[in-house]
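Residue-level structural notes
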Amino acid sequence: MNFDKLEETLNSSEVVEEVIILSKKVFSKSSDDVQKVIEMFITKSYLMGKQNKVQSVDD
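Helix and strand counts for the chain stand at 3 helices and 0 strands. Computed over C-alpha atoms, the radius of gyration of the chain comes to 14 Å, more than 25% over the 10 Å expected from 2.2 N^0.38 for 59 residues, which places it beyond the range of a compact globule. The C-alpha extent of the chain, read off along each of the three principal axes, is 45 × 25 × 15 Å. Of all 59 residues assigned to the chain, the portion counted as buried reaches 14%. When the accessible surface of the chain is split by element, carbon and sulfur atoms take 55% of a total near 5200 Å². Between the mean site of the 8 positive side-chain charges and the mean site of the 11 negative ones, the chain shows a separation of 5 Å.

Structure representation (structure tokens):
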């Protein structure tokens, strides 16, 4: 796996959906459960980051 290209693609992603689509491509041979867990982690990380950003602005 070319991690430099993966990192470049991740850094150029502008929305969470692009990251989820990329993860599905990377883990396409994995089980549906693995893909679902990865999607859950990405979504939760996004929401936590958004929540932390709001809290920082409020402080």
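This part takes up the environment of phenylalanine 27. Following the sequence through the fold, phenylalanine 27 ends up in the loop between helix H2 (16-26) and helix H3 (32-58). As for phenylalanine 27 and lysine 5, which are separated by 22 residues in sequence, their C-alpha atoms are 15 Å apart. Those residues in contact with phenylalanine 27 that lie beyond four places of it in its chain are Gln35 and Ile38.

Moving on, we get to the side chain of serine 13. Examined against the element boundaries, serine 13 turns out to sit in the loop between helix H1 (3-12) and H2. At 2.9 Å, the side chain of serine 13 and the backbone oxygen of threonine 9 are in polar contact. Other than its neighbours up to four places away in sequence, serine 13 contacts Glu18 and Val19.

With that settled, the discussion passes to the side chain of glutamine 35. Tracing the backbone shows glutamine 35 in helix H3. Residue classification places glutamine 35 among the buried residues on the basis of a relative accessible area of 18%. Leave out the neighbours within four places in its chain, and glutamine 35 touches Lys24, Phe27, Ser28 and Ser30.

Here we come to the packing of H1 against H2. Where H1 meets H2, the axes come as close as 9 Å, and the angle between the chain directions of the two elements is 160°. Classified by the interaxial angle, the pair formed by H1 and H2 is roughly antiparallel. Between H1 and H2 lies a crossing of right-handed hand. Along its contact with H1, which presents Leu6, Thr9, Leu10 and Ser12, the element H2 presents Glu18, Val19, Leu22 and Val26.

About the thresholds
- Residues numbered from 1 in each chain as written.
- Predicted model: local features only at pLDDT ≥ 70, side-chain atom pairs only at ≥ 80, totals over all residues.
- Heavy atoms only, no water.
- Helix = DSSP H or I, 4+ residues; strand = E, 2+ residues; numbered from the N terminus.
- Rg over C-alpha atoms; globule rule 2.2 N^0.38 Å.
- Buried < 20%, exposed > 50% of the residue type's maximum accessible area, 1.4 Å probe, protein only.
- Areas by Shrake-Rupley, 256 points an atom, 1.4 Å probe, with all protein chains shown as cover.
- Lys, Arg positive; Asp, Glu negative; His and termini not counted.
- Charge placed at Lys NZ, Arg CZ, Asp CG, Glu CD.
- Contact = heavy atoms within 4.5 Å.
- Polar contact = N/O pair within 3.5 Å; in protein donor to acceptor, adjacent residues only side chain to side chain.
- Axes fitted to C-alpha atoms, helices over the stretch in contact; angles between N-to-C directions.
- Parallel < 35°, antiparallel > 145°, perpendicular 65-115°, else oblique.
- Left-handed = near helix turned anticlockwise from the far one by under 90°.

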